[in-house]
Amino acid sequence: MIKVMITGHLPERLNGREERLREWIKKTLKELGPSNTYNFSGMARGTDTIFAEVVKEMRLPLVCAFPYEHPLCEKEQEMFDYAEQVYYQSKEKTKTCYTERDKWMVDHSDVVLVVWDGKPSGGAYEVMKYAEEDKTIIMFPWEEE
């Protein structure tokens, strides 16, 4: 079983790449052997949610990894109900709950899908730097149009 997670940008930073991202995720999961993947989503808007939706469409196992316990929006509830496992980093929102949740996902994954615009800032960049020593990283082709 290959454990796969994704890190990437919120919709504001994806700049209209959502459909191309959706297709790339499907293609990448198929190449990894979809019946052989166990998939982690941090459940943030944008990249994480798109990943969770594709995983559900493909009927693959999903782990929803929330940074803290909170009332779920409709999309989060849909993925929560579908997920094989739900993980909460913290009971309450803290300064470190997002970073700690991200590290937990990396530590429990073999492959990290990275959707990154090349700017050395933000969560996707930090996760990529944390994962690069001992995880397989597959980069979304950001500049490809």
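Now for a description of the structure that goes with this document. All of these numbers come straight from a predicted model, not from anything done at the bench.

Some words on the pattern of salt bridges
All chains considered together, the criterion is met by 15 salt bridges. The partner of R22 in a salt bridge is E19, with the nearest N and O atoms 3.8 Å apart. A residue pair is termed a helical-turn pair when its members lie 3 or 4 positions apart in one helix, as R22 and E19 do in helix 2 (residues 18-32) at 3 residues. Measuring nitrogen to oxygen at the nearest pair gives 3.8 Å for the salt bridge that ties E57 to K26. Taken together, the positions of E57 in helix 3 (residues 47-57) and K26 in helix 2 put the pair 31 residues apart, joining distant regions of the chain. When salt bridges that share partners are traced, they join E19, R22, E23, K26, E53, K56, E57, K75 and E78 into one network.

As for the packing of aromatic side chains
Given two aromatic rings, their pairing is described by the distance between the two centres and the angle made by the two planes. In total, this model carries 8 aromatic pairs according to the counting rule given. Ring centres of Y87 and W104 lie 3.7 Å apart, and the angle between their planes is 5°; this geometry places the pair in the stacked category. Note that Y87 is positioned in strand 4 (residues 85-88) and W104 in helix 5 (residues 97-107), a separation of 17 residues in sequence. Accessibility expressed as a relative area gives 17% for Y87, which makes it buried. According to the relative accessible area criterion, W104 is buried, its value standing at 14%. Taken together, the ring pairs in this structure connect Y38, F40, Y87 and W104 into an aromatic cluster.

Calculation notes
Residues numbered from 1 in each chain as written. Predicted model: local features only at pLDDT ≥ 70, side-chain atom pairs only at ≥ 80, totals over all residues. Heavy atoms only, no water. Salt bridge = Lys/Arg side-chain N within 4 Å of Asp/Glu carboxyl O. Helix = DSSP H or I, 4+ residues; strand = E, 2+ residues; numbered from the N terminus. Phe/Tyr/Trp six-rings, centres within 6.5 Å; stacked < 30°, edge-to-face > 60°. Buried < 20%, exposed > 50% of the residue type's maximum accessible area, 1.4 Å probe, protein only.

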